[in-house]
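What follows is each chain in one-letter form.
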Amino acid sequence: MCKLALSDELLMKLDKPSRYIGGEVNMVKKNPNDVDIRFAMCFPDVYEIGMSHLGIQILYDMFNKREDTYCERVYSPWPDLDKEMRENNIPLFALESQEPIKDFDFLGITLQYEMCYTNVLQILDLAQIPLYSKDRTENDPIVTGGGPCTYNAEPIADFFDIFYIGEGETKYAELLDLYKEHQKNGFDRKEFLFEASKIPGMYVPSLYDVLYNDDGTIKEIKPNREGVPEKVKKEVVKDFDAVDYPTKPLVPYMQVTQDRCVLEIQRGCIRGCRFCQAGSVYKPLREKNVETLKKQAVEMLESTGQGEISLASLSSSDYSQLKELVDFLMEECAKRHVNISLPSLRIDAFSLDVMSKIQDLKKNSVTFAPEAGSQRMRDVINKGLTKEEILKGCETAFKGGWKKVKLYFMLGQPFETDEDAEAIMDLCEDIAMLYYDTVPKEERMGRCQVNASSSFFVPKPFTPFQWAPMCSEEKFLHRAGLVKDKLKETLNRKSISFKYHTSDISVLEGLFARGDRKLSDLLVYVYKHGGIYDAWSEHHNAELWKEAIEKTGVDMDFYLTRTRNDNEIFPWDMIDVGVTKKFLLDEWNRAKEEAVTPNCREKCAGCGAASYGCGVCFQDKGGVSNES
């Protein structure tokens, strides 16, 4: 084993030293001297969160299958190690080789949520890499970003050299090959970035200028060098059976958040929920062949020894071969005493057949996401669920032997009223009543449990609600208070619970979700004054953020609570996700009318995703989309 970057004495001072020593089951070991490219793959959060992320496992496996590349991992040091590294001038290191990542060729950072942005600065700072892209030299790594936040990466654009827009399996090989070519010919950082910008999916922010109107809105976004594309179109995998998938995923020695095998069954979604960014940016829906999934499942279980396998997708119920896959997994998992987890199931497609098959192994709560309490609001957000379908799904669950139901809602969505908020508890009460009406008294194992939780709505880019104002923190809390008060009035209040997310963090998430490059000063101020791990409520310093907002002159109302006009240029308008802005605007107007748009399998709505020539857009249509 390689020499550890941290001494035994220092490791013993840390809360969980196994976060920093590597050596996990299935970890890739290479001689760094035998490769041309060293790539540090980073998740800017604590090890337990980062090790649970499927995207990094996929890229880690893909990169390391290249003989010329060694991909290693790095995660955000927890505050106890952060302090020690600063005091002892220890540069941030990769887990595999334990060597400083400042000596690598690439640092790839996945951006899964906006509140990790201060941790991005922590990573760069501890690695002794200049925070700003403009300050880096030929000796510094190329800092790339990927993941959902790249669909509006403008608040952190100054800190990155390249953003990869879309799915990583398609164009990273071309980028690495280009890097090798430039290394042979004498590396020039600016010229490499210029050439990289010509690769589809690569957004190089330094090659784009943003001009503003007097009112602070954007006047124009344009390339500042000839040959740079005006728009960067996202990359998608067209055939999942033709790309590699990690069947020997890393297995940690400590407990992590998602400690199981993950089988990705499809990408994209046929549903058109108007609040959902993932539903837009991962279009079109593309499925894996069930035979491919069977093979991958067996290989993962054999290579890891994990006690659970989970299906990954935005809506597992919409996988067309779900029944066959579950039948196979039931047989395999029964032999191995392995549990099956089926997340992302829709109430209207949650079949008694599937439930009865998985309940014999392990019976937990069932989880549904109505998102809104009233039918009016479910129509506004295009959830595509009626109250009757919700109750029927819960009745099916109760008859199948479940007594615990988790329900996810959002408060503060566009056009929501106080009555819509209170309807959350009306729905919970109806579900609790249904349990006692459905399950005979002699068959009940105590009370049912209806556990409702609510997040606060954040308007996201590339959704119909990108034009919407965001609720103020005061209104958020008012609506949550209404739901709590209504709970006290319910007949079955002992069977119902309600929790809601922290509102001030949601407000900041909204700020960075639709923000622009002017917000980089705010992030640097917060980080320089000790702000990290802002996604963790126990580490989030609300007073520091308030101070930073005042000191840097950020107009919160401008970014959050104003309605955007139909023709406004957004900070992310240089990105093309396939779904057109015209379609999103049409859906925004349909939301105002409480009009429901059918899902992709029922009727093509002409969103634009058919331009990729794959997936559900062409499924069962003889190769021709219905898009008009």
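Each value, and the rule that gives it
- Residues numbered from 1 in each chain as written.
- Predicted model: local features only at pLDDT ≥ 70, side-chain atom pairs only at ≥ 80, totals over all residues.
- Heavy atoms only, no water.
- Phe/Tyr/Trp six-rings, centres within 6.5 Å; stacked < 30°, edge-to-face > 60°.
- Lys NZ or Arg CZ within 6 Å of the ring centre and 35° of its normal.
- Pairing = 2+ DSSP bridges.
- Helix = DSSP H or I, 4+ residues; strand = E, 2+ residues; numbered from the N terminus.
- Axes fitted to C-alpha atoms, helices over the stretch in contact; angles between N-to-C directions.
- Contact = heavy atoms within 4.5 Å.
- Buried < 20%, exposed > 50% of the residue type's maximum accessible area, 1.4 Å probe, protein only.
- pLDDT = per-residue confidence, 0-100.
- 1 Å grid on protein atoms, 1.4 Å probe; cavity = no way out; pocket = protein on both sides within 12 Å on 5 of 7 lines; lining within 4 Å.
- Points joined across faces, edges and corners; volume = space filled by probe spheres on them.
- Nonpolar A, V, L, I, M, F, W, Y, C, P; charged D, E, K, R; others polar.
- Left-handed = near helix turned anticlockwise from the far one by under 90°.

Looking now at the packing of aromatic side chains. Tallying each qualifying case throughout the model produces 33 aromatic pairs. Aromatic ring contacts, followed pair by pair, group Phe-39, Phe-63, Phe-106, Tyr-164, Tyr-172, Tyr-179, Phe-187 and Phe-192 into a single cluster. Looking at Arg-38, its charged tip hangs above the ring of Phe-104, at a distance of 4.2 Å from the centre. The positively charged end of Lys-518 is found above the aromatic ring belonging to Tyr-212, 3.9 Å away from the centroid.

Here we come to the sheet that holds strand 14 (residues 339–341). Judged by pairing direction, the sheet is parallel, and its three strands sit side by side in the order 10-13-14 without closing on themselves. The strands lining the two open edges of the sheet, one partner per strand, are strand 10 (261–264) and strand 14. If you compare each strand with its neighbour and ignore which way they point, the axes differ by 25° on average. Where strand 10 lies against strand 13 (residues 308–312), four bridges are found, and the strand directions are parallel. Across the sheet, residue Leu-263 finds its bridge partner in strand 13, namely Leu-311. Of the strands in this sheet, strand 10 and strand 13 are in contact with helix 9 (residues 290–304), which crosses strand 10 at around 165°. Helix 10 (residues 322–336) rests against strand 10, strand 13 and strand 14 of the sheet, and its axis sits at about 170° to strand 13.

The strand order across the open sheet formed by six strands is 2-1-3-4-5-6, and the pairing between neighbours is mixed. Of all strands in the sheet, those bounded by a partner on one side alone are strand 2 (69–75) and strand 6 (202–203). Note: strand 1 (residues 37–43) against strand 3 (residues 106–110), four bridges, orientation parallel. Bridge assignment links Met-41 to a residue of strand 3, and that residue is Gly-108. Sheet contacts for helix 5 (residues 117–126): strand 1, strand 2, strand 3 and strand 4 (142–146); angle to strand 3, the most-contacted strand, approximately 160°. Docked against the sheet, helix 6 (residues 172–184) engages strand 1, strand 2, strand 3, strand 4, strand 5 (162–164) and strand 6, running at close to 135° with respect to strand 1.

Working note: regular strand, side chains alternate between the two faces of the sheet. The element strand 2 is largely enclosed, with a buried count of seven among its seven residues. Where strand 1 meets strand 2, seven bridges bridge the pair, whose relative direction is parallel. Following the sheet pairing, Phe-39 is matched in strand 2 by Cys-71.

What follows is about the confidence of the model for the protein chain. On average, residues of the protein chain score 94 in pLDDT, and 95% of them reach the 70 mark or higher. Note on residues 622–628: pLDDT is under 50 here. Beyond four places in sequence and across chains, it has 18 contacts.

Before going further, it helps to examine the layout of surface pockets. The space that makes up the second largest pocket amounts to roughly 390 Å³. Around the second largest pocket, the lining is made up of 17 residues, and of these Ser-133, Lys-134, Lys-190, Leu-193 and Ser-206 lie nearest the centre. Taken together, the residues of the lining of the second largest pocket sort by class into seven nonpolar, two polar and eight charged.

Moving on, we come to the packing of helix 4 (residues 79–88) against helix 5. Contact pair helix 4 / helix 5: the axes reach a minimum separation of 11 Å and the direction vectors enclose 30°. Judged by the twist between their axes, the crossing of helix 4 over helix 5 is left-handed. Contact with helix 4, carried on its side by Asp-82, Met-85 and Arg-86, involves Gln-122, Asp-125 and Leu-126 of helix 5 and no other residues of that element. Of the residues assigned to the contact of helix 4 with helix 5, the class counts are two nonpolar, one polar and three charged.

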